[in-house]
Amino acid sequence: EAQVTQNPRYLITVTGKKLTVTCSQNMNHEYMSWYRQDPGLGLRQIYYSMNVEVTDKGDVPEGYKVSRKEKRNFPLILESPSPNQTSLYFCASGGSSYEQYFGPGTRLTVT
Amino acid sequence: GENVEQHPSTLSVQEGDSAVIKCTYSDSASNYFPWYKQELGKGPQLIIDIRSNVGEKKDQRIAVTLNKTAKHFSLHITETQPEDSAVYFCAASTSNDYKLSFGAGTTVTVRA
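Calculation criteria
Residues numbered from 1 in each chain as written. Chains lettered and ligands numbered in written order. Predicted model: local features only at pLDDT ≥ 70, side-chain atom pairs only at ≥ 80, totals over all residues. Heavy atoms only, no water. Helix = DSSP H or I, 4+ residues; strand = E, 2+ residues; numbered from the N terminus. Rg over C-alpha atoms; globule rule 2.2 N^0.38 Å. Contact = heavy atoms within 4.5 Å. Lys, Arg positive; Asp, Glu negative; His and termini not counted. Charge placed at Lys NZ, Arg CZ, Asp CG, Glu CD. Pairing = 2+ DSSP bridges. Disulfide = S-S within 2.5 Å. Buried < 20%, exposed > 50% of the residue type's maximum accessible area, 1.4 Å probe, protein only.

### Here we look at the overall build of chain A
Scanning chain A from N- to C-terminus turns up 0 helices and 11 strands. When the helices and strands of chain A are placed in sequence order, the string is β-β-β-β-β-β-β-β-β-β-β. Here chain A has a C-alpha radius of gyration of 13 Å; the compact-globule value for 111 residues is 13 Å, and the two agree. Overall size of chain A, expressed as C-alpha extent along the three principal axes, is 40 × 30 × 25 Å. Contacts in chain A between residues at least 24 apart in sequence constitute 52% of all its contacts with a sequence separation of at least 6. In chain A, which carries 12 positive and 10 negative side-chain charges, the distance between the mean positions of the two groups comes to 7 Å.

Here is the structure:
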């Protein structure tokens, strides 16, 4: 089954404790992206990657890092999480016709 | 950058009636307009999209229209059913660029 997977689905952590959210897709897509979703704001892009070793900032990149060492994986790294990064995070991958497919989401709470 | 506005923010319809959600965009270079449905606890799911070389696209009970001159596009759901209850997002992007700019979402409730 073609899909985007994320782990963990739920995470509660404390301020300053580094964490990584993994994302993997099995559709051989070159494009991958991370979004955060906050009430009333829709989805905002954090980082994206057009291909292996190629990443770029989206609209809200502050406090986040990403890496793209393999085509299928695109982890999101919060090196020093803060409470304002409490949000619902989605990973997405994009096909050749520019349609994007989203993962199930990771709900992060930073206390 | 692109700014997408979506209305209404909430929409309640009687089962069997139609639902219409409207979006406007600011960047005339945008030419790809997808719609996503997000059910509770799940990620957004692409339900239909339209490109700027067509004015309307239909898929069963769902249709999308695009007015490039006015820079707005709409989602139409006919014969609504309880399973249509969800949050719907519109988005816009330009060709050769995967970057999607999303509207704030519309919560649709279908009353039985």
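Next, the rest of the story.
### Here we look at the sheet that holds strand E7 (residues 65-66) of chain A
Residue and element names in this part refer to chain A. The 4 strands are arranged E1-E3-E8-E7 in an open sheet whose pairing can be described as antiparallel. Both edges of this open sheet fall to strand E1 (4-7) and E7, since each of them pairs with a single strand only. Examined bridge by bridge, strand E3 (residues 19-25) and strand E8 (residues 76-78) share 3 bridges and lie antiparallel to one another. In the sheet register, Leu19 faces E8, and the bridge partner there is Leu78.

### Quick look at the state of the cysteines
With the rule as written, the count across this model stands at 2 disulfides over all chains. Across the disulfide, Cys23(A) is cross-linked to Cys91(A) (sulfur-sulfur distance 1.8 Å). Every disulfide takes its handedness from the sign of the S-S torsion; for Cys23(A) and Cys91(A) that torsion is -70°, giving left-handed. Remark: Cys91(A) occurs in strand E9 (residues 87-94) and Cys23(A) occurs in strand E3; sequence separation between them is 68 residues. Given a relative accessible area of 2%, Cys23(A) falls into the buried group. Overall, the relative accessible area of 0% leaves Cys91(A) in the buried class. In this model Cys23(B) forms its disulfide with Cys90(B); the gap between the sulfur atoms is 1.9 Å. Given an S-S torsion of about -100°, the disulfide between Cys23(B) and Cys90(B) has left-handed geometry. Pair noted here: Cys23(B) is in strand E3 (residues 19-25) and Cys90(B) is in strand E9 (residues 86-92), with a separation of 67 residues, a long-range link.

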